[in-house]
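# Report on the structure
If you want the building blocks of each chain, they are given just below.
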Amino acid sequence: DSGVTQTPKHLITATGQRVTLRCSPRSGDLSVYWYQQSLDQGLQFLIQYYNGEERAKGNILERFSAQQFPDLHSELNLSSLELGDSALYFCASSVGSGGQFFGPGTRLTVL
Amino acid sequence: GENVEQHPSTLSVQEGDSAVIKCTYSDSASNYFPWYKQELGKRPQLIIDIRSNVGEKKDQRIAVTLNKTAKHFSLHITETQPEDSAVYFCAASKTYNTDKLIFGTGTRLQVFP
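Summary of the structure given here. (Residues numbered from 1 in each chain as written. Chains lettered and ligands numbered in written order. Predicted model: local features only at pLDDT ≥ 70, side-chain atom pairs only at ≥ 80, totals over all residues. Heavy atoms only, no water.)

### Points about the state of the cysteines
Here a disulfide denotes one covalent bond, and it connects the sulfur atoms of two cysteines. As a reminder of what qualifies: A pair of sulfur atoms, both from cysteines and within 2.5 Å, is called a disulfide here. Here a strand is any run of E in DSSP of at least two residues, a helix any run of H or I of at least four, and the numbering for each starts at the N terminus. When a residue's accessible area, from a 1.4 Å probe over protein chains only, is under 20% of the maximum for its type it is buried; when over 50% it is exposed; and in between it is partly exposed.
On inspection of all chains with the given rule, the structure shows two disulfides over all chains. One disulfide bridge connects Cys23(A) with Cys91(A), the sulfur atoms lying 1.9 Å from each other. Negative torsions about the S-S bond denote left-handed disulfides, and the value of about 75° found for Cys23(A) with Cys91(A) makes this one right-handed. One end of the pair, Cys23(A), is in strand β3 (residues 19-24); the other, Cys91(A), is in strand β9 (residues 87-94), and 68 residues separate them in sequence. Per residue, the accessibility class of Cys23(A) equals that of Cys91(A), and both read buried. Each sulfur in the disulfide pair Cys23(B) and Cys90(B) lies 2.0 Å from the other. Here the disulfide of Cys23(B) and Cys90(B) is left-handed, its torsion about the S-S bond being about -100°. One end of the pair, Cys23(B), is in strand β3 (residues 19-25); the other, Cys90(B), is in strand β9 (residues 86-92), with 67 residues separating them in the sequence. By relative accessible area, which is 0% here, Cys90(B) ends up buried.

### What to know about the nonpolar core
Filter applied, for reference: Nonpolar cores were defined as sets of buried Ala, Val, Leu, Ile, Met, Phe, Trp, Tyr and Cys residues, with membership established by side-chain atoms within 4.5 Å. Note on contacts: a residue pair is in contact if any heavy atoms of the two residues lie within 4.5 Å.
Counting residues in hydrophobic clusters, the biggest one holds 24 residues, and the most contacted among them are Trp35(B), Phe73(B), Leu75(B) and Leu109(B). Secondary-structure elements contributing two or more residues to this core are β2 (10-14), β3, β4 (32-38), β5 (45-51), β7 (62-67), β8 (72-77), β9 and β11 (107-112) of chain B. Dropping the residues within four chain positions of it, Leu75(B) is found in contact with Ala19(B), Val20(B), Ile21(B), Trp35(B), Ile47(B), Ile48(B), Ile62(B), Ala63(B) and Tyr88(B). Formed by 21 residues, the second largest nonpolar core is a distinct cluster that contains Val19(A), Cys23(A), Ile47(A) and Tyr89(A).

### Concerning the pattern of salt bridges
To keep it simple, the criterion reads: The working definition used for a salt bridge is a side-chain nitrogen of Lys or Arg within 4 Å of a carboxyl oxygen of Asp or Glu.
Counting across every chain of the model gives nine salt bridges over all chains. The salt bridge partner of Arg26(A) is Asp29(A), with a shortest N-O separation of 2.7 Å. Here Glu2(B) and Lys100(B) are joined by a salt bridge, their closest N and O atoms 3.4 Å apart. Taken together, the residues span a long stretch of sequence, with Glu2(B) in the segment before β1 (4-7) and Lys100(B) in the loop between β9 and β10 (102-103) at a distance of 98 residues. By relative accessible area, Glu2(B) is classed as partly exposed at 38%.

### Observations concerning the sheet that holds β1(B)
As a general point, the strands of a sheet are linked pairwise by backbone hydrogen bonds and lie either parallel or antiparallel. Residues and elements named next belong to chain B. Formally: A pair of strands counts as paired when DSSP detects no fewer than two bridges linking them. The angle between two axes is taken between their N-to-C directions and runs from 0 to 180 degrees, where each axis is a line fitted to C-alpha atoms and a helix contributes only its stretch in contact.
Taken in spatial order, the five strands of this open sheet run β1-β3-β8-β7-β6, and their pairing is antiparallel. Each edge of the open sheet is held by one strand with a lone partner, namely β1 and β6 (56-59). The mean angle between the axes of side-by-side strands here comes to 15°, regardless of whether they run parallel or antiparallel. Bridge analysis of β6 against β7 gives four bridges, and the strand direction is antiparallel. Each residue of the ladder has a partner; that of lysine 57, found in β7, is valine 64.

### So, the packing of aromatic side chains
As a reminder of what qualifies: Two rings from Phe, Tyr or Trp (for Trp, the six-membered ring) form a pair when their centres sit within 6.5 Å of each other. Planes less than 30 degrees apart are called stacked, planes more than 60 degrees apart edge-to-face, and all others tilted.
Applying the stated criterion to the full structure yields 14 aromatic pairs over all chains. Each ring, one from Trp35(B) and one from Phe73(B), has its centre 5.6 Å from the other, and the planes form 65°; the classification is edge-to-face. With Trp35(B) in strand β4 and Phe73(B) in strand β8, this residue pair connects regions lying 38 residues apart in the sequence. Taking relative accessible area as the criterion, Trp35(B) reaches 0% and is therefore assigned buried. An aromatic cluster is present here, built from Tyr33(A), Tyr35(A), Phe45(A), Phe90(A), Phe102(A), Tyr36(B), Phe89(B) and Phe103(B) joined pairwise through their rings.

### A few points about the pairing of strand β2 (residues 10-13) of chain A
Residues and elements named next belong to chain A. Burial of the side chains of β2 is restricted to one face: Leu11 and Thr13 are buried, whereas none of His10 and Ile12 on the reverse face is. The pairing of β2 with strand β11 (residues 106-110) spans four bridges and is parallel. Each residue of the ladder has a partner; that of isoleucine 12, found in β11, is threonine 109.

### What to know about the sheet that holds strand β8 (residues 74-78) of chain A
All names here are of chain A. An order of β1-β3-β8-β7 is seen for the four strands of this open sheet, with the pairing classed as antiparallel. With partners counted over all chains shown, the strands left at the sheet margins are β1 (5-7) and β7 (64-68), one partner each. Here the strands of the sheet are splayed against their neighbours by 15° on average, with no regard to which way each runs. Pairing of β1 with β3, which is carried by three bridges, proceeds in the antiparallel orientation. Looking across to β3, one finds that glutamine 6 is bridged to cysteine 23.

In structure tokens form, the structure reads like this:
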């Protein structure tokens, strides 16, 4: 157990819908990262927050957005969902001692 | 742009043999190189990492080597066991604690008893 939690574990929804994925980092970790893992794309970096502020952006679609709250938990919002958005979404957190530790992931299925 | 290439994509070894996975990165500003093990349906787990001021690091049966000049780093697993079977990902980052990871495409390792 990495100490990073994610909910929900599974999400099944229809095209065009909007979903919210939630992540709680390890206690004391200020950075939260979101990654997407699909079969043909591997692990792709989406976005990073550090202590509530957006720090870096990867190839995140405009339909996707995220935020980090004062208690440091983060939410990833996916809207106007398409079939190709079906993937595993991981968040990870890190602190000064180094290393990113991943949560268990949310498996999103868009039908 | 930032890119990490990983080879081979699949690797099959007999139990007790060694396994080597190689990665090459493109961004010369990279200074941190972790390796993750991912079992089917599970989270990527950090198994070992190396920073750019170190050429080699070992942890029991696992070792990682780094050649900054050639922008290569490798994972070595000795005395492989069936429970080592998983997908292994290399990654590169500018710092060890505050930057995104750029991942390789993964190596599926199968260890046959």
